[in-house]
Amino acid sequence: MEILDILLSASFWAAAIRIASPLIFATMGELICERAGVLNLGIEGIMVAGAFAGWMAVYTGTDLWTGVAVAFGAGMLFGLLHATLTVPFGLSQHVVGLGITLLATSATYFAYRVALPEVSSPPRIEAFQPYEIPLLSDLPLLGPALFSQTPLTYLAFAVAGLTAFTLYRTPLGLALRAAGENPSAVEAQGLSVTGLRMGAVIVGSGLMAVGGAFLTMSAFNSFFFEMVNGRGWICIALVVFGAWRPGKALLGALLFAAFDALQVRLQQTGLGADIPYQVFLMLPYILSILALIVMSRRAEVPAALMVPYNKGTR
Amino acid sequence: MRLEAIPAPTLTRTLGLPAVALTLTVIAASGLALVAGGDPFAVLGLIVQGAVGSKFALLETLNRATPLIFTGLAVAVAFRAKLWNIGAEAQLYGGAVITVVLGTGFLPWPAGVLLPVLVIASMLTGALLLLGPAYLKTRLGVDEVVTTLLLNFIALLFVSMLLEGPLKDPMGMGWPKSERLIPEARLPRLVDGLRLHWGFALALIAAAAVWVIQTRTTLGYEMRAVGQNPDAARFAGIPVGAVILKTAFLSGGLAALAGFSEVAGLKGSLTLDLSPGFGYTGIIVAMLALLNPLGVVVSALFVAGVFVGADSMSRAADVPTYIADILLALALLSMVLAILLTRFRVVRD
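Residues numbered from 1 in each chain as written. Chains lettered and ligands numbered in written order. Predicted model: local features only at pLDDT ≥ 70, side-chain atom pairs only at ≥ 80, totals over all residues. Heavy atoms only, no water.

## Details of the environment of B:R234
Defined as follows: Secondary structure elements follow DSSP: runs of H or I no shorter than four residues count as helices, runs of E no shorter than two count as strands, and numbering proceeds from the N terminus. Think of it in three bands: with a 1.4 Å probe and only protein chains considered, a residue is buried below 20% of the maximum accessible area for its type, exposed above 50%, and partly exposed in between.
With respect to the helices, strands and loops of the structure, B:R234 is situated in helix α9 (residues 230-235). Taking the relative accessible area as the measure of exposure, B:R234 reaches 49% and is therefore partly exposed.

Written out as structure tokens, the structure is:
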């Protein structure tokens, strides 16, 4: 019965939406990259860099939205590096991605230590406050859960909508999807596969960084090591789970977040006394693997994902 | 721009470009040291000195290289067959756990029997941990990058659960730490009086064995063929699925030996910080070695030296030790680019 009580509480759903927000940004970023044909394993490190860049900008005096823009820019820089190495040069996307993750993570930690050498507990910033949407936030259950969030959460949902709209309703989206399915056809149309793919990786990486910035600017209000803690890798699983579609990936992120919020609450119930807490922490990862297995039966992987395109060789 | 294959790269190109890459990496790292308020030349000197400057430093580097040789070999073997094993960290802990389960008195056997049993048990455990993702890849097409990565998190939480539960040392003052191995389960020192243990020798033997497998056996040929072109390999009658499973078995087993050797050779018990990311660093080691098993030994020594040297530099010069990770990430990225440019040249349209 305790589970039912949890599921019917507004605070649970509010937490789920909050936990989902950074995942939505980063998952959309990864989805854009992969739809254009590039697997971006730099996601984990780019989220770390975004978390730091946005927080540092605000800490040194910019306003919050400038901080978001700074995070986006930092992500785009790492995206540019990733794109340059993997698209025109066609280097292994696995190796480059992991290299970017290591570079972005260690460069961020280094920058943090250099910027704040004497600090033992990370300073807090005035982060985004919840904004209650008039009228809608008065709805029972839905109001507190959906319409009393911080502006970055609303932005996350807007980004998901915009991603879906761009991919399926605009010529640019058509070209991007074709770059990941049939690059030769894109080239035949007189468009540049290299340009499309690089643009997708750069913008996608920017979104991943904003996902990281959500952690420092809307959730924890300060930066600390290990704060991204595998969320990037989860987003890669979410893209597969969502069969490379923004709507399904959004749903996946919400499901995952609901599950994460549930496990935290279950730990505090009678179950938590009997079962080691590590089991609860493991469940989201196990769930991700199970979801991948289930989804694999009807996976619609972009046909040219991870296949470098070199003009003139085909 | 596009890339054009170079039919016969010159020796200057083959050796020069990687040298340029490493030089640029070192310059970038010196720049970072400068930013952090250190004297760049002194910092680099301190890194080298800290890595190989004394007998103690050198042995520390060799010790640190040992698990990296194992995980580097594991990654090299798998990547060569295009099995993207990112889960060496999980397999490492698998080997460590089974070593502690069997080696803390459960098997009261003499060292001559117990140690080989522990080696085999570790390898089997690690192999099983990679066989799952490999099986999912071959049967259902589930991407092994994601599954092996997620398994790392699951494995670490599982170890944490064991260390606070069944494997907890009752005398451990509440720390999540296992009991100590019995003396028969400990790898002896390689040389009396020095901290270097037999795990290092075992790692060298493993590298040689992997080299023999890759260059002198049918399995090695099949693994290469599958890695180069799975469709062509299938057409040539190579059982691609079976080869991938065998590769997984070998790769997982090698990674697990890193856990065995750290516990039995160095630490004597299992804690959650047994590996500061040896599984992930193994990927860098393997890539810098161009997936060559003998090259893995060289690059593991280099990477271990950078870490050990940076640790000692960080204490002496007050520059954040993360500079080691930055250096390695830059080395990795610039090396893969340099290696590509030895085989291709950039042509402007």
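## Comments concerning the packing of aromatic side chains
The criterion, for reference: Ring geometry is summarised as follows: Phe, Tyr and Trp rings, the Trp one being its six-membered ring, pair when their centres sit within 6.5 Å, and such pairs are stacked at plane angles under 30 degrees, edge-to-face over 60 and tilted between the two.
For the coordinates displayed, the defined rule picks out 16 aromatic pairs over all chains. Measuring from centroid to centroid gives 5.6 Å for A:F220 and A:F224, while their planes differ by 70°, and the two rings are edge-to-face. Centroid distance B:F79 to B:W84: 4.6 Å. Interplanar angle 65°. Geometry classified as edge-to-face. By the burial criterion, B:F79 is buried, and B:W84 matches it. One aromatic cluster in this structure is built from A:F52, A:W55, A:Y59, A:Y109, A:Y112, A:F223, A:F225 and B:Y322.

## Examining the pattern of salt bridges
Residues and elements named next belong to chain B. Operational definition: Salt bridge, as used here, is a side-chain nitrogen of Lys or Arg placed within 4 Å of a carboxyl oxygen of Asp or Glu.
As enumerated under the stated definition, the model contains 4 salt bridges over all chains in all. The salt bridge partner of D311 is R64, with a shortest N-O separation of 3.2 Å. A residue pair is termed long-range when its members are at least 10 positions apart, and D311 in helix α12 (residues 293-317) and R64 in helix α3 (residues 55-80) qualify at 247 residues. Classification of D311 as partly exposed rests on a relative accessible area of 27%. Taking relative accessible area as the criterion, R64 reaches 22% and is therefore assigned partly exposed.

## Considering the packing of helix α4 (residues 88-103) of chain B against helix α5 (residues 111-140) of chain B
All names here are of chain B. The cut-off we apply is this: Helix axes use the C-alpha atoms of the stretch in contact, all axes being lines fitted to C-alpha atoms, and the angles between their N-to-C directions lie in the range 0 to 180 degrees. The handedness criterion is simple: a crossing whose near helix is rotated anticlockwise from the far helix by less than a right angle is left-handed, and one whose near helix is rotated clockwise is right-handed. Contacts between residues were defined by any pair of non-hydrogen atoms, one from each residue, lying within 4.5 Å. Polarity classes work like this: nonpolar for Ala, Val, Leu, Ile, Met, Phe, Trp, Tyr, Cys and Pro, charged for Asp, Glu, Lys and Arg, and polar for all others, with Gly in that last group.
Where α4 contacts α5, the two axes come as close as 8 Å, and the packing angle between them is 140°. The chirality of how α4 crosses α5 is right-handed. Touching A90, Q91, G94, G95, I98, T99, L102 and G103 of α4 are L114, L118, A121, S122, T125, G126, L129 and L130, all from α5. For the contact of α4 with α5, the residue count by class is 8 nonpolar, 8 polar and no charged.

## Looking at the state of the cysteines
All names here are of chain A. Selection criterion: In plain terms, two cysteine sulfur atoms within 2.5 Å form what is called a disulfide here.
This structure, assessed with the given rule, holds 0 disulfides over all chains. A disulfide-free cysteine, C235 has its sulfur positioned 12 Å from the sulfur of C33, the nearest such atom. Classification of C235 by relative accessible area gives buried; the value is 0%.

## Notes on unusual backbone geometry
Backbone geometry places A:N221, a non-glycine residue, at a positive phi of 65°. Note on placement: A:N221 falls in the loop between α10 (193-219) and α11 (231-241). Its identity as a non-glycine residue notwithstanding, B:L291 has a phi of 65°, on the positive side. Mapped onto the elements of the fold, B:L291 is located in the loop between α11 (278-288) and α12.

## A look at the UniProt feature "transmembrane region" (unreviewed entry) in chain A
Residues and elements named next belong to chain A. Basically, it comes down to this: UniProt positions are given in the numbering used here, feature names are shortened, and annotations may be inferred rather than shown by experiment.
Per the UniProt record, the feature "transmembrane region" (unreviewed entry) sits at residues 6-26, 38-58, 64-83, 95-112, 198-217 and 278-296. The span residues 38-58 shows a helical share of 76% and a strand share of 0%, and its end C-alpha atoms are spaced 32 Å apart. A helix fraction of 100% and a strand fraction of 0% characterise residues 95-112, whose end C-alpha atoms lie 26 Å from each other.

## A closer look at the packing of α12(B) against helix α13 (residues 323-343) of chain B
Residues and elements named next belong to chain B. To keep things clear, this is the line we draw: Each angle gets one of four labels, with under 35 degrees taken as roughly parallel, over 145 as roughly antiparallel, 65 to 115 as roughly perpendicular, and the rest as oblique.
It is the contact of α12 with α13, at a shortest axis distance of 9 Å, that shows an interaxial angle of 150°. The pairing of α12 with α13 is recorded here as roughly antiparallel in orientation. Judged by the twist between their axes, the crossing of α12 over α13 is right-handed. From α12, F302, V303, V306, F307, A310 and M313 reach across to α13, where they touch I323, A324, D325 and L328. When grouped by side-chain class, the residues that make up the contact of α12 with α13 number 9 nonpolar, no polar and 1 charged.

## What to know about helix α1 (residues 11-35) of chain B
Residues and elements named next belong to chain B. The following threshold applies: Between the first and last residue of a helix there are one fewer steps than residues, each counted as 1.5 Å, and that sum is the expected span.
The terminal C-alpha atoms of α1, which comprises 25 residues, lie 36 Å apart, in line with the 36 Å expected from a rise of 1.5 Å per residue. Of the surrounding elements, those touching the buried residues of α1 are α2 (40-52) and α13. Within two residues after α1, G37 carries a phi angle of roughly 90°, on the positive side.

## With respect to the interface of chain B and chain A
Definition in use: Accessible area that two parts lose when put together, with a 1.4 Å probe and added across both, is what the buried area reports. Counting of polar contacts relies on pairs of N or O atoms within 3.5 Å, with two restrictions inside protein: one atom must be capable of donating a hydrogen and the other of accepting it, and residues adjacent in sequence are counted only when both atoms are side-chain atoms.
The interface of chain B with chain A comprises 43 residues on the first partner and 44 residues on the second. Across the chain B to chain A interface the summed buried area is about 4,000 Å²; carbon plus sulfur atoms make up 84%. Interface area lost by chain B to chain A is led by B:L150, B:Y322 and B:L333, which between them contribute 16%. On the surface where chain B and chain A come into contact, there are 0 salt bridges. For the pair chain B and chain A, the interface holds 4 residue pairs in polar contact (both at pLDDT 80 or more). When contributions to the side of chain B that touches chain A are tallied by element, the ones reaching two or more residues are β1 (2-5), α1, α5, α6 (144-164), α11 and α13 of chain B. Ranked by the residues each element gives to the side of chain B that touches chain A, the list is headed by α6(B), at 13 residues.

## Some details on the side chain of A:S205
Looking at where A:S205 falls in the secondary structure, it is placed in helix α10. Filtering out sequence-adjacent residues up to four positions away, A:S205 remains in contact with A:N40, A:I46, A:G75, A:M76 and A:G79.

## Digging into the environment of B:G279
All names here are of chain B. Among the structural elements, G279 can be located in helix α11. G279 sits in the buried class, given a relative accessible area of 2%. Excluding anything up to four places from it in sequence, G279 contacts T71, A88 and E89.

## Describing the nonpolar core
Which entries qualify depends on this criterion: Nine residue types can take part in a nonpolar core, namely buried Ala, Val, Leu, Ile, Met, Phe, Trp, Tyr and Cys, and a core is a set of them joined through side-chain atoms within 4.5 Å.
A:M217, A:F223 and B:L270 are the most contacted members of the largest nonpolar core, which has 206 residues in total. Looking at which element gives the most residues to this core, the answer is α10(A), with 14 residues. In this structure, B:L270 is in contact with B:Y93, B:A96, B:V97, B:V100, B:V159, B:L163, B:K177 and B:S178, ignoring residues within four places of it in sequence. If you look at the next biggest cluster of nonpolar residues, it comprises 9 residues, including A:A15, A:A258, A:A261 and A:L266.

## Regarding the environment of A:E30
All names here are of chain A. Following the sequence through the fold, E30 ends up in helix α2 (residues 10-35). The class of E30 is buried, set by a relative accessible area of 0%. Expressed as a C-alpha distance, the spacing of E30 and H82, which sit 52 residues apart in the sequence, is 13 Å. Not counting residues up to four positions away in its chain, the partners in contact with E30 are L39, N40, I43, M208, I236 and V239. At 3.1 Å, the side chain of E30 and the backbone nitrogen of N40 are in polar contact.

## Details of the side chain of A:T86
All names here are of chain A. For T86, the location among the structural elements is in helix α4 (residues 64-86). Residue classification places T86 among the buried residues on the basis of a relative accessible area of 2%. When sequence neighbours within four positions are dropped, the list of residues in contact with T86 reads V38, L91, S92, Q93 and V96.

## Digging into helix α7 (residues 151-169) of chain A
Residue and element names in this part refer to chain A. Defined as follows: This arc is built from the directions going out from the helix axis to the C-beta atoms.
Counted at 1.5 Å a residue, the expected span for α7 with its 19 residues is 27 Å, and the 26 Å between its end C-alpha atoms agrees. Of the positions making up α7, those classed as buried are L152, T153, A156, V159, A160, T163 and L167. Down the axis of α7, the smallest arc covering the buried residues is 110°, so these residues share one side. Structural note: α7 exposes L162 and R169 on the side pointing more than 90 degrees away from its buried face.

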